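Geometric and topological summary
Here is how the chains run, residue by residue.
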Amino acid sequence: MTWTVGPLRAAPGTTARGGVPVDLGTTTVELPLTLVHGHRPGPRVVITAGMHGGEFVGVDAAVRLAAALKPDAVHGRVAICPVANPPAVYHGRLDASPLDGVNINRVFPGDRRGTPTERLAAWHVEHLVAGADAYLDLHSGGIDEDLTDFVGYRLTGDPRLDDRARRMAHHLGVQDVVFGREANGGNSHAAAARLGVPAVLVETGDRGRREPATAARLADNVLGLLTELGVVGAGVVEAGAVEPGVVGPEAAPAPRRDPAPPRHRVREWVWAGAVTAGATGLWYPTATAGEDVTAGRPIGRLVDPADGRTTPVISPATGRVFYNSHALTVAAGDELAAIAAPHTEGHRPASAAR
Ligand SMILES: [Zn+2]
């Protein structure tokens, strides 16, 4: 059966690529979308990147995947949207959309009659995510963010669904996996989980950097997961070796690759606390992404530029900072740091008992 999303139509054994217009109420945006419809049946997997501006590694990796995945290697269907939020990606380059000031990853599953960004979130859910067999949302630390690579997922209380999300998270070649104990809130992967779709948040790189080798490694890691999910057969090209827009003899050689990461055991962490700015001012972090912190101890200070008054910012939890604001200037309510604690309890008692 032909797979249709907006004006794109992909019959079995074909790829459809193009722009899909999405009505946001005040304006219409065009989402770049690739539908790879395999010859053979299999799961339907959705990959989005570019939900936020300034997160270039995921966008680059998604474009490489869209170029590398051919229908004869696919068992099932793969949808790839490398720029899921064009206003934020092209015009804002930060988390918030310049259309309405809304961070799309706080409003999923969106609202078809809401603000432009809420409508965009609703479009993604309705046309791509709902009913999918797996969903990956590729992010990075933004231009003003420090981040240590991790994969995130949420627990729903449904042991089968949680096991599938955990397996996905563990097969992305990333050492640190952070889960949340509830699938609450407006994150895309949380909303997907509430709809019964196993979903992961993939965070790679930070500060708006865009090294080709990092994007290539992420593309290959995603391809590894697609193989694990059974949607890609053996013998497919390395997605990371594809240079977007380069064809013919120029396409060789492949970009220099990051050295293969040492094979660590995946370490699981659980979200333990987030810190927001209590006032508008200047932010001087003393603990940044990848560093361990202690509950009750300062992780930085806020300075009022008017009078120089200094307020310590205290860690609410003991654990590790996974991302923090790299911005000097912050507004009241801005997220300054997110902390996860090492997960030590056995984490699959429910399913292991079955
Ligand atoms: Zn993001």
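Residues numbered from 1 in each chain as written. Predicted model: local features only at pLDDT ≥ 70, side-chain atom pairs only at ≥ 80, totals over all residues. Heavy atoms only, no water.

Turning our eyes to something else, we now look at the nonpolar core. Judged by nonpolar contacts, the single largest core of 45 residues is most densely connected at Ile47 and Leu136. With 33 residues, the next largest nonpolar core counts Trp3, Leu8, Ala10 and Val29 among its residues. (Core = buried A, V, L, I, M, F, W, Y, C linked by side-chain atoms within 4.5 Å. Buried < 20%, exposed > 50% of the residue type's maximum accessible area, 1.4 Å probe, protein only.)

Let us look at the coordination of the zinc ion. Distances from the zinc ion to its protein donors, namely His52 (ND1), Glu55 (OE), Glu55 (OE) and His139 (ND1), fall within the range 2.1 to 2.3 Å. Viewed at the metal, the 4 donor atoms of the zinc ion are separated by angles of 58 to 152 degrees, and the geometry they form is irregular. Mapping the donors of the zinc ion onto the primary sequence yields the spacing H-x2-E-x83-H. Placement of the pair is histidine 52 in the loop between strand 5 (40–49) and helix 1 (56–68) and histidine 139 in strand 7 (residues 134–139), with a sequence separation of 87 residues. With respect to burial, histidine 52 and histidine 139 carry one shared label: buried. (Donors = N, O, S within 2.8 Å, 3.2 Å for Na, K, Ca; no water. Tetrahedral: all angles 85-135°; square planar, octahedral: opposite > 155°, others 65-115°. Helix = DSSP H or I, 4+ residues; strand = E, 2+ residues; numbered from the N terminus.)

The UniProt record annotates "domain: Succinylglutamate desuccinylase/Aspartoacylase catalytic" (unreviewed entry) at residues 41–226. Counting secondary structure, residues 41–226 comes out at 37% helix and 22% strand; the distance between its end C-alpha atoms is 14 Å. (UniProt positions renumbered as here; feature names shortened; annotations may be inferred.)

Taking 1.5 Å of rise per residue, the 12 residues of helix 4 (residues 159–170) would be expected to cover 16 Å, and the 16 Å separating its terminal C-alpha atoms lies within 8% of that figure. Listing the buried residues of helix 4 in full gives Leu161, Asp162, Asp163, Ala165, Arg166, Met168 and Ala169. Two to three positions downstream of the cap, the backbone nitrogen of arginine 160 sits 3.0 Å from a side-chain oxygen, assigning the N-cap of helix 4 to aspartate 158. (Expected span 1.5 Å × (residues − 1). Polar contact = N/O pair within 3.5 Å; in protein donor to acceptor, adjacent residues only side chain to side chain.)

A few words now on helix 6 (residues 212–228). The end-to-end C-alpha separation of helix 6 is 24 Å, in line with the 24 Å expected for 17 residues at 1.5 Å each. In terms of burial, helix 6 is a largely internal element, 12 of the 17 residues being buried. Every buried residue of helix 6 is listed here: Ala213, Thr214, Ala215, Ala216, Leu218, Ala219, Asp220, Asn221, Val222, Leu223, Leu225 and Leu226. Structurally, helix 6 contributes buried residues whose contacts are with strand 5, helix 1, strand 7, helix 4 and strand 11 (199–203). Positive backbone phi, approximately 85 degrees, marks glycine 230, located one or two places after helix 6. (Contact = heavy atoms within 4.5 Å.)

In terms of burial, strand 6 (residues 75–81) is largely enclosed, as 5 of its 7 residues are buried. Judged from the 4 bridges that link them, strand 4 (residues 28–37) and strand 6 form a sheet pairing that is antiparallel. Looking across to strand 6, one finds that leucine 35 is bridged to alanine 79. For strand 5 and strand 6, the ladder comprises 6 bridges, and the chain directions are parallel. Its bridge partner lying in strand 6, threonine 48 is registered against cysteine 81. (Pairing = 2+ DSSP bridges.)

In a beta sheet, neighbouring strands are held together by backbone hydrogen bonds and run either parallel or antiparallel to one another. The 4 strands are arranged 16-15-13-18 in an open sheet whose pairing can be described as antiparallel. Each having just a single partner strand, strand 16 (310–314) and strand 18 (329–330) make up the two edges of the open sheet. Sheet topology note: the strand 13 (residues 281–285)/strand 15 (residues 298–303) ladder contains 4 bridges and is antiparallel. Opposite tryptophan 283, over in strand 15, you have leucine 302 as the bridge partner.

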